Amino acid sequence: MRKLLSANLSRLWKSRAFWLGLAAVFGLSVFSVLINCRMAMLDAESGFDYTLDACYFSFMPALSLFFSAFISLFLGPEYSDGGLRGKIIAGHSRTDIYLAGLLTCMAGTALYDAACLAGGLTGIPFLGVWQMSTPALMLCMATVFLSSLTLCAIFVLIGFLWENRAAAAVASLLLAIGLILAGSILYNLLCEPEFSSGVVITAEGMTFGDPTPNPSYLAEPLRTVCRVLLNILPTGQAIMLTNVAEDESFVMPLLELIASPLLVLGFSAGGAALFHRKGLK
């Protein structure tokens, strides 16, 4: 498998699409942080304290779209250009071919993560360093890479099992969008307050009415189920990272640290097994 991995990494290194995507991620991450810095300067006049924690991970949910495009473009030629058939004829096993492709794509997604995080550092001159503790920051960084590996394993499975290059790319993109929407819906549901107070306009001005139960509030046990799903979904983890400054208990550390590696192993083993049985033209 060493030769396969070396060949894949060499092809990745020479891929213009990969480097263009990497540059786009870095540029968009910088743009996202600078926009938030601009808002911070405007809000500072109102006494609102805006920190780097609130915007450093703001571009993370969108990374899944770049992962789907990058992996589809990288694995597509395996079928369309006959590279997969040539590797099998050369005597390489399907398991080695799958694992070499998976490890290469994981290396690529890790570089995309690094580019996004590097772009976020441009906010330090304006907002200072992180206010969260070092262990919390390390946990956030680990969440970034673990959630990306999970997405990578999912998109690699699609790329290897779907022979049509265009169809695989569309399916991966739609899945990425669906996962982002699912994470957003779950997060918004969990953010609903248990009680709400209506605004009453009187002759003396606006006042708040008595708190009333919020019908949109998720009660137990449904609340715990949605919380677990949000923590397991890789895009849910990314969405929670963007709001870490507002909710310091955004993660269930043990759940995420266990769930993400298990999902990676599950999708990787399942994908390799399905690819081993797949009939190739």
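Here, residues in each chain are numbered from 1, in the same order as that chain's written sequence. Whole-chain, interface and lining totals are the exception, using all residues; otherwise, since this is a predicted model, local features are given only for residues with pLDDT of at least 70 and side-chain atom pairs are given and counted only at 80 or more. Here the side-chain values reflect all heavy atoms present in the structure, with hydrogen atoms and water set aside.

J.: An account of a nonpolar patch on the surface is requested, with residue identities and associated values reported.
T.: Excluding any residue in a salt bridge, patches collect residues exceeding 30% relative accessible area, merging like charges within 9 Å and nonpolar Val, Leu, Ile, Met, Phe, Trp and Tyr side chains within 5 Å. Here the accessible surface of atoms and residues is derived via Shrake-Rupley with a 1.4 Å probe, and residues count as covered only by protein chains that are part of the display. By salt bridge we mean one thing: a side-chain nitrogen of Lys or Arg within 4 Å of a carboxyl oxygen of Asp or Glu. A grouping of Val170, Leu173, Leu174, Ile177, Leu181, Ile185 and Leu189 is seen on the molecular surface, where their side chains present a nonpolar patch of about 610 Å² in accessible area. In this fold, Val170 is placed in helix α9 (residues 165-190). Labels follow the DSSP assignment, with helices taken as runs of H or I lasting at least four residues and strands as runs of E lasting at least two, numbered in each case from the N terminus.

J.: Explain the packing of helix α8 (residues 134-161) against helix α11 (residues 234-242) to me, and be specific about the residues and the numbers.
T.: The contact between α8 and α11 brings their axes to 9 Å, and the two run at 150°. With respect to each other, α8 and α11 are oriented roughly antiparallel. Pair α8 / α11 crosses with left-handed handedness. Of the residues in α11, those touching α8 at Cys140, Thr143, Val144, Ser147, Thr150 and Leu151 are Pro234, Thr235, Gln237 and Leu241. Gly falls in the polar group here, along with every residue not listed as nonpolar (Ala, Val, Leu, Ile, Met, Phe, Trp, Tyr, Cys, Pro) or charged (Asp, Glu, Lys, Arg). Looking at side-chain class alone, the contact of α8 with α11 contains five nonpolar, five polar and no charged residues. Here the axes come from fitting lines to C-alpha atoms, over the contacting stretch only for helices, and the angles between their N-to-C directions go from 0 to 180 degrees. By definition in this entry, angles of less than 35 degrees are roughly parallel, angles greater than 145 are roughly antiparallel, angles of 65 to 115 are roughly perpendicular, and the rest are oblique. By definition, any crossing whose near helix is turned counterclockwise from its far helix by less than a right angle is left-handed, and any crossing with a clockwise turn is right-handed. Any pair of residues with heavy atoms lying within 4.5 Å of one another is described as a contacting pair.

J.: Kindly report on the packing of aromatic side chains, identifying the contributing residues and their values.
T.: Pairs were defined over the aromatic rings of Phe, Tyr and Trp, the Trp ring being its six-membered one, requiring ring centres within 6.5 Å. Orientation was assigned from the angle between planes: stacked under 30 degrees, edge-to-face over 60, tilted for the rest. According to the stated counting rule, one finds 13 aromatic pairs in the structure shown. With a centroid separation of 6.2 Å and an interplanar angle of 80°, the aromatic rings of Phe67 and Tyr112 are classed as edge-to-face. In this pair, Phe67 is assigned in helix α3 (residues 63-75) and Tyr112 in helix α6 (residues 94-120), connecting sequence segments 45 residues apart. Per residue, the accessibility class of Phe67 equals that of Tyr112, and both read buried. An aromatic cluster of three or more residues is present, and its members are Trp13, Phe18, Trp19, Phe67, Phe70, Phe74 and Tyr112. By definition, being over a ring means that NZ of Lys or CZ of Arg is both within 6 Å of the ring centre and within 35 degrees of the ring normal. It is Arg11 that lies over the ring of Phe74; its NZ or CZ is 4.0 Å from the centre. Across from the ring centre of Phe275, 5.8 Å away, lies the NZ or CZ of Arg94, which sits over that ring. Exposed residues in this analysis have more than 50% of their type's maximum accessible area, buried residues have under 20%, and partly exposed residues fall in between, with area computed by a 1.4 Å probe over protein chains only.

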